[in-house]
Structures are given as C-alpha cells and as structure tokens.
Amino acid sequence: QVQLVESGGGLVQAGGPLRLSCAASGLTFGSTVMGWFRQAPGKEREVVARIWSSGSTYYRDSVKDRFTIFRDNAKNTVYLQMNSLKPEDTAVYYCNAVVLEHYWGQGTQVTVSS
C-alpha cells in the first residue's frame, strides 16, 4: 500500500543545484520518518538525510551545509535540496519511509559532470 515516487534527478554541472521530490501515499505522512539514501555504482547504499515528524534532521557529514531535507505534510511530499554538487554526489537517490518496515521508491538518477 505504501508508494514512494521520486522525481527531479538529472544531469547537472559541478557546483550547481538540484531539487529532488518524493511523493508518498498509503501512509500517515505527517507522523512518518522520511529520508533520502543514495547508491553509487559499486558502492553500498548510504543514508544522505533524514527528517522526523518533530522537524529534527540528520545529514551525513559529506553533505552537511550543502543539502537540505524538508517536507510539506499537506502535499505528502519530502524534498532534498542539493546545492554545490560535486561529482562524488553522482548516484541513484532513493526516497525512504519508515513504518513497520522501510519502504523504498524506485530511485532517481543524479549525475554531476566535472
């Protein structure tokens, strides 16, 4: 029943911005922990950011001060604003929702040229 649909990925030059969106359905969005993960070729999936219903956030060190996670509960959507992108940010970005289990979207590809 839970469905997560990412959008906003694409090709961007190093230093540029990109905003990812995740539309969620089949859950009580306002009370759900949401997050963004990413996976680069040959690497393990890693957490990028999380946001709790309280508004508290978490970012991995490599994206702090560059990325911002925020949510619009009225639209059941969570966003990831990415600024000052680096080639090492290239990955498939996945939306995540924690209910009884983790649910995942299909992913949206972000490619940063150099």
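Scroll up a little and you will see the structure.
What counts and how
Residues numbered from 1 in each chain as written. Predicted model: local features only at pLDDT ≥ 70, side-chain atom pairs only at ≥ 80, totals over all residues. Heavy atoms only, no water. Helix = DSSP H or I, 4+ residues; strand = E, 2+ residues; numbered from the N terminus. Rg over C-alpha atoms; globule rule 2.2 N^0.38 Å. Buried < 20%, exposed > 50% of the residue type's maximum accessible area, 1.4 Å probe, protein only. Contact = heavy atoms within 4.5 Å. Areas by Shrake-Rupley, 256 points an atom, 1.4 Å probe, with all protein chains shown as cover. Lys, Arg positive; Asp, Glu negative; His and termini not counted. Charge placed at Lys NZ, Arg CZ, Asp CG, Glu CD. Patch = residues over 30% accessible without salt bridge, like charges linked within 9 Å, V, L, I, M, F, W, Y side chains within 5 Å. Salt bridge = Lys/Arg side-chain N within 4 Å of Asp/Glu carboxyl O. Phe/Tyr/Trp six-rings, centres within 6.5 Å; stacked < 30°, edge-to-face > 60°. Lys NZ or Arg CZ within 6 Å of the ring centre and 35° of its normal. Polar contact = N/O pair within 3.5 Å; in protein donor to acceptor, adjacent residues only side chain to side chain.

**As for the overall build of the protein**
Secondary structure assignment for the protein yields 0 helices and 11 strands. Along the protein, helices and strands appear, N-terminal first, in the series β-β-β-β-β-β-β-β-β-β-β. Against the 2.2 N^0.38 benchmark of 13 Å for 114 residues, the protein shows a C-alpha radius of gyration of 13 Å, consistent with a compact globule. Counting only residues that meet the buried cut, the protein has 42% of its 114 residues in that class. For the protein, restricting intrachain contacts to residue pairs at least 6 apart in sequence, the fraction spanning at least 24 positions comes to 52%. As displayed, the protein offers around 6200 Å² of accessible surface, 46% of which is attributable to carbon and sulfur atoms. In the protein, 11 side chains carry a positive charge and 9 a negative one; their mean positions are 3 Å apart.

**Overview of a nonpolar patch on the surface**
Residues Val99, Leu100 and Tyr103 make up a contiguous nonpolar surface patch of about 330 Å² in total accessible area. Position of Val99 relative to the elements: it lies in the loop between strand S9 (91-98) and strand S10 (102-104).

**Observations concerning the packing of aromatic side chains**
Think of a pair of aromatic rings as described by two things: how far the centres are apart, and how the planes are tilted against each other in angle. Tallied over the full model, the rule gives 2 aromatic pairs. On the basis of an interplanar angle of 15° and a centroid distance of 4.8 Å, the ring pair of Phe70 and Tyr79 is categorised as stacked. Residue classification places Phe70 among the partly exposed residues on the basis of a relative accessible area of 29%. A residue is classified by how much of its surface remains accessible, and Tyr79, at 15% relative accessible area, is buried. The positively charged end of Arg45 is found above the aromatic ring belonging to Phe37, 5.7 Å away from the centroid. The residue whose ring lies beneath Arg45 is Trp104, and the NZ or CZ to ring-centre distance is 3.7 Å.

**So, the side chain of Arg38**
Along the polypeptide, Arg38 turns up in strand S4 (residues 33-39). The exposure class of Arg38 is buried, given its relative accessible area of 6%. A polar side-chain atom of Arg38 sits 2.9 Å from a polar atom in the side chain of Tyr93.

**Considering the environment of Gly35**
Looking at the secondary structure, you find Gly35 in strand S4. Since its relative accessible area comes to 0%, Gly35 is described here as buried.

**Section: the pattern of salt bridges**
One side chain can pair with another of opposite charge once the charged atoms of both are near each other. Per the stated rule, a full pass over the model turns up 5 salt bridges. Of the charged contacts in the structure, one is a salt bridge between Asp61 and Lys64, with a shortest N-O distance of 3.1 Å. Given a relative accessible area of 42%, Lys64 falls into the partly exposed group. In the salt-bridge network here, residues are joined through shared partners; they are Arg38, Glu46, Arg60, Arg66 and Asp89.

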